[in-house]
Amino acid sequence: MSEKRGISRRQVLRVGTVVGSAVTLVAVSEQVASAAPQVDPNQATSRGDLGRVSTASGGVGVIAAPKRANRTKVTVPAQVPFAGFPEGVTPRPGDLVTVTDNWDGLALAAVPVVHWLTGVPKQRNDGSYELAGERLAESPLLPMRTSKRVRVCVLDTELPDAQVLAVRAA
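Not measured: the values here are computed from a predicted model.

## What about the overall build of the protein?
Then, number 1: Along the backbone of the protein there are one helix and eleven strands.
Then, number 2: Each helix and strand of the protein, ordered N terminal to C terminal, gives the series α-β-β-β-β-β-β-β-β-β-β-β.
Then, number 3: In the protein, which comprises 170 residues, the share counted as buried stands at 29%.
Then, number 4: Only carbon and sulfur atoms are counted for the fraction: they give 54% of the accessible area of the protein, which is about 11,300 Å².

## Some remarks on the packing of aromatic side chains
Then, number 1: On inspection of all chains with the given rule, the structure shows one aromatic pair.
Then, number 2: With centroids separated by 5.7 Å and ring planes inclined at 80°, the aromatic side chains of phenylalanine 82 and phenylalanine 85 adopt a geometry described as edge-to-face. Across the pair, phenylalanine 85 and phenylalanine 82 agree in class, each one buried.
Then, number 3: Here arginine 151 stacks its cationic end above the ring of tryptophan 116, 4.6 Å away from the centre of that ring.

## Digging into the confidence of the model for the protein
Then, number 1: In this model, the protein carries a mean pLDDT of 80, and residues with pLDDT of at least 70 account for 73%.
Then, number 2: Considering only residues more than four positions removed or in separate chains, one finds that residues 15-39, a stretch of pLDDT under 50, has zero contacts.

## Points about the side chain of serine 139
Then, number 1: Examined against the element boundaries, serine 139 turns out to sit in the loop between β9 (134-136) and β10 (150-155).
Then, number 2: Setting aside chain neighbours within four positions, we find serine 139 in contact with Tyr129 and Val164.

## Some thoughts on the nonpolar core
Proteins that are soluble and globular tend to have nonpolar side chains buried together.
Then, number 1: By size, the foremost hydrophobic cluster in this structure holds 14 residues, and its most contacted members are Ile63, Phe82, Phe85, Val97 and Ala110.
Then, number 2: Taken together, the elements giving at least two residues each to this core come down to β4 (96-100), β10 and β11 (164-169).
Then, number 3: Sequence-distant contacts of phenylalanine 82, defined by excluding residues within four places in its chain, comprise Val53, Ala56, Gly59, Val60, Gly61, Ile63, Pro91 and Ala110.
Then, number 4: Core analysis: the next-biggest nonpolar cluster, separate from the first, contains eleven residues, Tyr129, Leu136, Ala162 and Val164 among them.

## A closer look at the sheet that holds strand β7 (residues 122-123)
Then, number 1: Reading across from one edge, β7-β8-β9 is the order of the three strands in this open sheet, with antiparallel pairing throughout. Of all the strands in the sheet, just β7 and β9 have a single pairing partner and so form its edges.
Then, number 2: The pairing of β7 with strand β8 (residues 129-131) spans two bridges and is classified as antiparallel. Opposite lysine 122, over in β8, you have glutamate 130 as the bridge partner.

So, how was this worked out
- Residues numbered from 1 in each chain as written.
- Predicted model: local features only at pLDDT ≥ 70, side-chain atom pairs only at ≥ 80, totals over all residues.
- Heavy atoms only, no water.
- Helix = DSSP H or I, 4+ residues; strand = E, 2+ residues; numbered from the N terminus.
- Buried < 20%, exposed > 50% of the residue type's maximum accessible area, 1.4 Å probe, protein only.
- Areas by Shrake-Rupley, 256 points an atom, 1.4 Å probe, with all protein chains shown as cover.
- Phe/Tyr/Trp six-rings, centres within 6.5 Å; stacked < 30°, edge-to-face > 60°.
- Lys NZ or Arg CZ within 6 Å of the ring centre and 35° of its normal.
- pLDDT = per-residue confidence, 0-100.
- Contact = heavy atoms within 4.5 Å.
- Core = buried A, V, L, I, M, F, W, Y, C linked by side-chain atoms within 4.5 Å.
- Pairing = 2+ DSSP bridges.

Right, dumping it as structure tokens:
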């Protein structure tokens, strides 16, 4: 470029490309930021306390404090409807639930606390099962699966045997 002509066309194109890229990056960054999920102000105050079923009857249970240590747990026993349990599974006294106020259609609900086990279930003499070192209560979901490796969703409990909520192929 000569000093008389100022800026060459090539330099103008380069500057235009750099500026255009910067504007595009700013615009994209703003769109991504605006598309980020908004924090629900109610979520910070929603309840999620670990509880133990004391009694259960007709889809409602009295939920009390569990023996298990937890950051948040039920402190005063309360009568709460059950939600989120599969058909045919009723929580027993000693099973663990989460008491939440974040369940559609219910002001307060007791929902299952679960974990998954993987292995081949072995039936015991008393009709219960054993899988991955844990005892499982009798379940209509397991008899056909005793020769195959499966993933089993079980309800957390303070009882010696856990209830089976679901069975999937491993």
